[in-house]
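Chain by chain, the residues run as shown.
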Amino acid sequence: MNDTFDEKYMNSPLRQSLFNWYDFDPEGALLEIGADFGTVTGFFSEKLRSVTAVAFSEEEKKITEERLRECDNVSVVCGQLPDVLLSAGREQGLLHAGYDYIVVKDCFYDKPAEILRACMMLLKPEGRLLALFTNRYGMKYFCGAKDPFTGVVFDGVGGYLRSDTKYTGRGYSHSEVENILRETGVDNYKFYYPLPDSRMPQVICTDDYRNGKSIAERLVDYDYQDRSVFIPEHRMLSEVIDDGALGFMANSFLVEICADTGIPKNDVIFAVTTTDRGEKYGAVTSVRRDGKVIKRPIYKEGEKYLKRLYKYTEKLKSRCVPVIPVELCEDKRGLYIEMEYMDKEPLSDALVRIVKEDKKLFFDIFDEIKEYIDMSADVSNNDEGEEVLLNAYIDLAPLNAFYIGGEFGRDIIFYDQEFVAQYCPVLFPIYRTLFYFYQSKKAVEQYVPLSEMYERYGIDDEMKAYFAEIEKEFIYNLRQFKKYEGLFEIAAPDYDRFSKAMNDITVLLSEDASKDMSEENGKTSNKVVSKPYHIGYVPGVYDLFHKGHLILFERCKERCDYLIVGVLTDELVEYYKGKKPVISYEDRARVIEGLRCVDEVVPVDFSNTDKIAAWEQLHYDCHFSGNDHANHWNDIIEELHKRGAEMEFFPYTEGISSTSIKKSVKNASSSNESK
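Everything quoted here is computed from the prediction, not taken from an experiment.

(A) Structural view of the overall build of the chain. Looking only at helices and strands, one finds 25 helices and 24 strands in the chain. When each of the 675 residues of the chain is scored for burial, the buried share is 52%. Counting only contacts in the chain whose residues sit at least 6 apart along the sequence, the fraction spanning at least 24 positions is 67%. Entry remark: accessible area of the chain is about 32500 Å², with carbon and sulfur atoms responsible for 49%.

(B) Quick peek at the packing of aromatic side chains. Tallied over the full model, the rule gives 43 aromatic pairs. Relative to Phe467, the ring of Phe428 lies with its centre 5.7 Å away and its plane at 75°, an arrangement referred to as edge-to-face. Pair noted here: Phe428 is in helix H15 (residues 428–440) and Phe467 is in helix H17 (residues 461–478), with a separation of 39 residues, a long-range link. Taken as a pair, Phe428 and Phe467 share a single burial class, namely buried. A network of ring pairs unites the aromatic residues Phe19, Trp21, Tyr22, Phe24, Phe43, Phe44, Tyr101 and Tyr192 as a single cluster.

(C) Here's a closer look at the sheet that holds strand E18 (residues 411–414). What the three strands build is an open sheet, ordered E14-E17-E18; its pairing is antiparallel. Of all strands in the sheet, those bounded by a partner on one side alone are strand E14 (345–346) and E18. Pairing between E14 and strand E17 (residues 401–405): two bridges, direction antiparallel. Pairing of Glu345 across the sheet is with Tyr403, part of E17. Contacts from helix H14 (residues 359–376) reach E17 and E18, with the element oriented near 45° to E18.

(D) How the structure looks around the pattern of salt bridges. Counting across every chain of the model gives 38 salt bridges. When the shortest N-O distance is used, the salt bridge between Asp23 and Arg288 registers 2.7 Å. In this pair, Asp23 is assigned in the loop between helix H1 (5–10) and strand E1 (29–33) and Arg288 in strand E10 (residues 283–288), connecting sequence segments 265 residues apart. According to the relative accessible area criterion, Asp23 is partly exposed, its value standing at 25%. In this structure Arg288 comes out as buried when scored by relative accessible area, which is 10%. The closest approach of N and O atoms between Lys295 and Asp416, which form a salt bridge, is 3.5 Å. Highlighted residues: Lys295 in strand E11 (residues 292–297) and Asp416 in the loop between E18 and strand E19 (420–425), separated in sequence by 121 residues. As far as burial versus exposure is concerned, Lys295 and Asp416 are alike and both buried. Through salt bridges with shared partners, a single network forms among Arg15, Glu32, Asp36 and Lys105.

(E) Focus on H17. Given a rise of 1.5 Å per residue, 18 residues ought to cover 26 Å, and the 26 Å separating the end C-alpha atoms of H17 matches this to within 8%. Of the surrounding elements, those touching the buried residues of H17 are helix H11 (278–281), E19 and H15. Two or three places before Glu462, at the start of H17, stands the capping residue Asp460, its side-chain oxygen 3.2 Å from that residue's backbone nitrogen. One or two steps after H17, the chain reaches Gln480, where phi turns positive at roughly 50°.

(F) Layout of helix H3 (residues 58–67). Buried within H3 are the following residues: Glu60, Lys61 and Thr64. Along the axis of H3, the buried residues cluster in a sector spanning 100°; they form a single face. Of the residues in H3, the exposed ones pointing more than 90 degrees away from the buried face are Glu58, Glu59 and Lys62.

(G) Fine view of the packing of helix H13 (residues 347–357) against H14. Following both chains from N to C, one finds H13 and H14 inclined at 145°, their axes separated by 6 Å at the closest point. Judged by residue contacts, Leu347, Leu351, Ile354, Val355 and Glu357 of H13 engage Lys359, Leu361, Phe362, Ile365, Phe366 and Ile369 from H14. Within the contact of H13 with H14, the residues separate by chemical class into nine nonpolar, no polar and two charged.

(H) Fine view of the pairing of strand E6 (residues 189–195). The buried fraction of E6 is high, at six of seven residues. Summarising the sheet, E6 and strand E8 (residues 252–258) pair through four bridges and their orientation is antiparallel. Across the sheet, the residue bridging to Tyr192 is Leu254, located in E8. In terms of strand pairing, E6 meets strand E7 (residues 203–205) through three bridges, oriented antiparallel. Residue pairing for E7: Tyr193 is matched across the bridge by Cys205.

(I) Molecular detail of the nonpolar core. Membership of the largest hydrophobic core comes to 65 residues, with the highest contact counts inside it found for Leu85, Ile102 and Leu246. With seven residues, helix H5 (residues 112–122) is the largest single contributor of residues to this core. If you look at the next biggest cluster of nonpolar residues, it comprises 48 residues, including Phe366, Leu396, Val444 and Val448.

(J) Fine view of the sheet that holds strand E15 (residues 379–381). As summarised here, the arrangement of the three strands in space is E15-E16-E19, forming an open sheet in which the pairing is antiparallel. Each edge of the open sheet carries a strand with a single partner, namely E15 and E19. Going across the sheet, the axis of each strand differs from the next one's by a mean of 30°, ignoring polarity. Summarising the sheet, E15 and strand E16 (residues 387–393) pair through three bridges and their orientation is antiparallel. Counted as the bridge partner of Asn381 is Glu387 from E16.

The rules behind these values
- Residues numbered from 1 in each chain as written.
- Predicted model: local features only at pLDDT ≥ 70, side-chain atom pairs only at ≥ 80, totals over all residues.
- Heavy atoms only, no water.
- Helix = DSSP H or I, 4+ residues; strand = E, 2+ residues; numbered from the N terminus.
- Buried < 20%, exposed > 50% of the residue type's maximum accessible area, 1.4 Å probe, protein only.
- Contact = heavy atoms within 4.5 Å.
- Areas by Shrake-Rupley, 256 points an atom, 1.4 Å probe, with all protein chains shown as cover.
- Phe/Tyr/Trp six-rings, centres within 6.5 Å; stacked < 30°, edge-to-face > 60°.
- Pairing = 2+ DSSP bridges.
- Axes fitted to C-alpha atoms, helices over the stretch in contact; angles between N-to-C directions.
- Salt bridge = Lys/Arg side-chain N within 4 Å of Asp/Glu carboxyl O.
- Expected span 1.5 Å × (residues − 1).
- Polar contact = N/O pair within 3.5 Å; in protein donor to acceptor, adjacent residues only side chain to side chain.
- Arc of directions from axis to C-beta.
- Nonpolar A, V, L, I, M, F, W, Y, C, P; charged D, E, K, R; others polar.
- Core = buried A, V, L, I, M, F, W, Y, C linked by side-chain atoms within 4.5 Å.

Structure (structure tokens):
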């Protein structure tokens, strides 16, 4: 292996996240089928009494043994499936019956039911089998990612119909996996969905958890290093989860199979794992079926961090800051924290709703957060005589709080107060609170700009620059960017490439269609001239429709294949202009729908009047506008560029506007009345 992404991935501890949330018994014996050069094998050796790893080649066996030479509870054997699991493996003394756990990782191409039956024979009666499958209907494969086993785009989605493809494995749909389990004779099992997939999961989800927005906000995107991908799959994730479609479209399935029908399955319904935080801060937070939330350190060293979290929570309680109570507990797996699960609205979501309905309450809630920040820390002076917070709780923020409401409508409660900054600038915690809230909830900007909130709390440009450097250094160390830079450098989707890939596909299909039509008509094929953009978007009121509107739409259509016109609703127009439009939304939309140059009309309301929010819904390639806004939207243009979209401006048609028409009508009416 050379120094490629695959090597960095193969050697990354982040792969342990697929299993470090699971409740393994430390006294158990585990059989790992597919050693994968020992990355996860080493994790298993730390968590269980004994581990046997099956390598599929002598090279894999040799590298795994060398890598784990100091682990005296690991043995590595070599063999091919299914033989090594059946009589050959046991006769040669390689394997034995009586494992507490068996892990099988994506090696079911040939005779999957036979492999599972052989595994079940090696389990104890109370044992559990964890079987990993790639889902051929996974989101990323609908987004253009190549099938991992054949290297062919849409191969699994199409049912592996290519007879000329040499398979190294295959993916299975949810129903196909269930059929395999039935064929195996298994009826006590549970599906888990690693997100974004099984390679480097950050979240483990189940069918019992459906808060897609919460999950999507937690995930760090990463590009699959696959040049065929033309859609960022995370755009689908929230709705897929909310609609209960994750079982069909998850990229991977981890299936827990219990040997006996009476054995209870793992009670985790949702888990977040932060392996990337390393030995000191890496932890797993899991929501349990009994309504408890459990937080465990991934590494022994992390127990110190857990004790601090408990201490911080108690300190905040003593200062009358509302926090969810926690208990520091211990079992044979070590220390852990337990708290009650709160089925309440996340404060960050509540604030998005509140800012549209009651701006005063929005400000009141942030003022309340600032009060709690001030209450939680003592003020002192540093060597330069500047006021600082001795121990500042920097996670008192909407992303770590629930909204309760209460008598005054602003009651909140915090959780997961993990970090305290010593000798912290007084305004840094509220800066951090605002920064991350607006980063995750960009739609709020259109109602209350972030700059207004900074000004409200006295944070000037010099402070912002200074605080940004402090936060950058904190995150750099916490997330171990230096250690994982080879992986995090691909953590931002390449929207420019996605846009180009989509355009290339559109042009290719258009050329093929044109060629087919030309051949059918007996004519010479002409190459289709591609327009600059595929999807264009132009929003407006369009009251008293006139030729200037028509010219604008025609110019937009000349620049894109598919033109979407956004028409502002009556409520939105009244909110911004103080009066309703002359023509109702329904009538304005109906007129525009009848134009040949318009492909689709969508309503523009409070949810998508923001340009970025509209992009989130429509994924347009270019936003068109009149040139009177050309110098005012630089920040929006920059955000669109990050998403692979553009903004173009057209000059207004001189001599005509809805306003001038209204004036003419009013003048004509006045003139008639005076006669």
